[in-house]
Amino acid sequence: LAHLADHCAKNSSPGPLHVAWEKVLEAGCTPLSRTLSTYLYVLGLEGEKDDACEERDIVAEVATLHDALYEPTEKTTTLLIKSLVSRGDAAGAESLLSTIADGPLGETLRH
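Below, the structure is looked at part by part.

A few points about the pattern of salt bridges
- Applying the stated rule across the entire model yields four salt bridges.
- Between aspartate 6 and arginine 34 there is a salt bridge, with the nearest N and O atoms lying 3.0 Å from each other. With aspartate 6 in helix α1 (residues 2-11) and arginine 34 in helix α3 (residues 33-44), the pair connects residues that are 28 residues apart, well separated along the chain.
- Its salt-bridge partner being glutamate 22, residue arginine 56 comes within 2.2 Å of it at the nearest N-O pair. One end of the pair, arginine 56, is in the loop between α3 and α4 (58-69); the other, glutamate 22, is in helix α2 (residues 15-27), and 34 residues separate them in sequence.
- Taking the relative accessible area as the measure of exposure, arginine 56 reaches 35% and is therefore partly exposed.
- Here the salt bridges share partners, and the residues they tie into one network are Glu22, Arg56 and Glu61.

Here's the deal with the nonpolar core
- Counting residues in hydrophobic clusters, the biggest one holds 17 residues, and the most contacted among them are Leu17, Trp21, Tyr39, Leu40, Leu43, Ile58 and Val62.
- Contributing elements (two or more residues each) for this core: α1, α2, α3 and α4.
- Ignoring sequence-local partners within four residues, the contact set of valine 62 consists of Trp21, Leu36, Tyr39, Leu40 and Leu43.

Things to note about the environment of proline 72
- With respect to the helices and strands, proline 72 occurs in the loop between α4 and α5 (74-86).
- Sequence spacing of proline 72 and isoleucine 100 is 28 residues, and the spatial spacing of their C-alpha atoms is 8.9 Å.

A short note on the packing of α4 against α5
- Running from amino to carboxyl end, α4 crosses α5 at an angle of 135°, the nearest separation of the two axes being 9 Å. Between α4 and α5, the crossing angle belongs to the class labelled oblique. Crossing handedness for the pair α4 and α5: left-handed. Contact residues: Val59, Ala60, Ala63, Thr64, His66 and Asp67 in α4; Thr76, Thr77, Leu79, Leu80 and Ser83 in α5.
- In terms of residue class, the contact of α4 with α5 is made up of five nonpolar, five polar and one charged.

Focus: the side chain of threonine 76
- Inspection of the secondary structure puts threonine 76 in helix α5.
- Judged by its relative accessible area of 1%, threonine 76 falls in the buried class.
- In this structure, threonine 76 is in contact with Leu40, Ala63, His66 and Asp67, ignoring residues within four places of it in sequence.

Here's the deal with the packing of α2 against α3
- Between α2 and α3, whose axes approach to 11 Å, the crossing angle comes to 145°. Considering how the two elements wind past one another, α2 and α3 form a crossing that is left-handed. Where α2 abuts α3, its residues Leu17, His18, Ala20, Trp21 and Val24 lie against Leu36, Tyr39, Val42 and Leu43.
- Its residues assigned to classes, the contact of α2 with α3 comprises eight nonpolar, one polar and no charged.

Calculation rules
- Residues numbered from 1 in each chain as written.
- Predicted model: local features only at pLDDT ≥ 70, side-chain atom pairs only at ≥ 80, totals over all residues.
- Heavy atoms only, no water.
- Salt bridge = Lys/Arg side-chain N within 4 Å of Asp/Glu carboxyl O.
- Helix = DSSP H or I, 4+ residues; strand = E, 2+ residues; numbered from the N terminus.
- Buried < 20%, exposed > 50% of the residue type's maximum accessible area, 1.4 Å probe, protein only.
- Core = buried A, V, L, I, M, F, W, Y, C linked by side-chain atoms within 4.5 Å.
- Contact = heavy atoms within 4.5 Å.
- Axes fitted to C-alpha atoms, helices over the stretch in contact; angles between N-to-C directions.
- Parallel < 35°, antiparallel > 145°, perpendicular 65-115°, else oblique.
- Left-handed = near helix turned anticlockwise from the far one by under 90°.
- Nonpolar A, V, L, I, M, F, W, Y, C, P; charged D, E, K, R; others polar.

Geometry only, nothing functional implied.
This is how it looks when you write it as structure tokens:
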């Protein structure tokens, strides 16, 4: 699945990663941080989606898994905040920001 992510990144083709992400979840895989970053990059190529067409926010799911397994990054935090705000959960976004404000990423976000 990591090779598929690299292939999709090379060809700017995010479609196959929707299926690959389901397989990652089904298998209970623990992808490397680099692989999850590639998933986030490729899935980000899709741009804004119509909320009526897709109930799940796969980018937010990938970012959440990344942050659960590895040190949160500015990119994953930003994607999670955007996801919360787009769903109308400003309080959740503020809570996430206040939670990380005291950690190592908090200093990065202040600048």
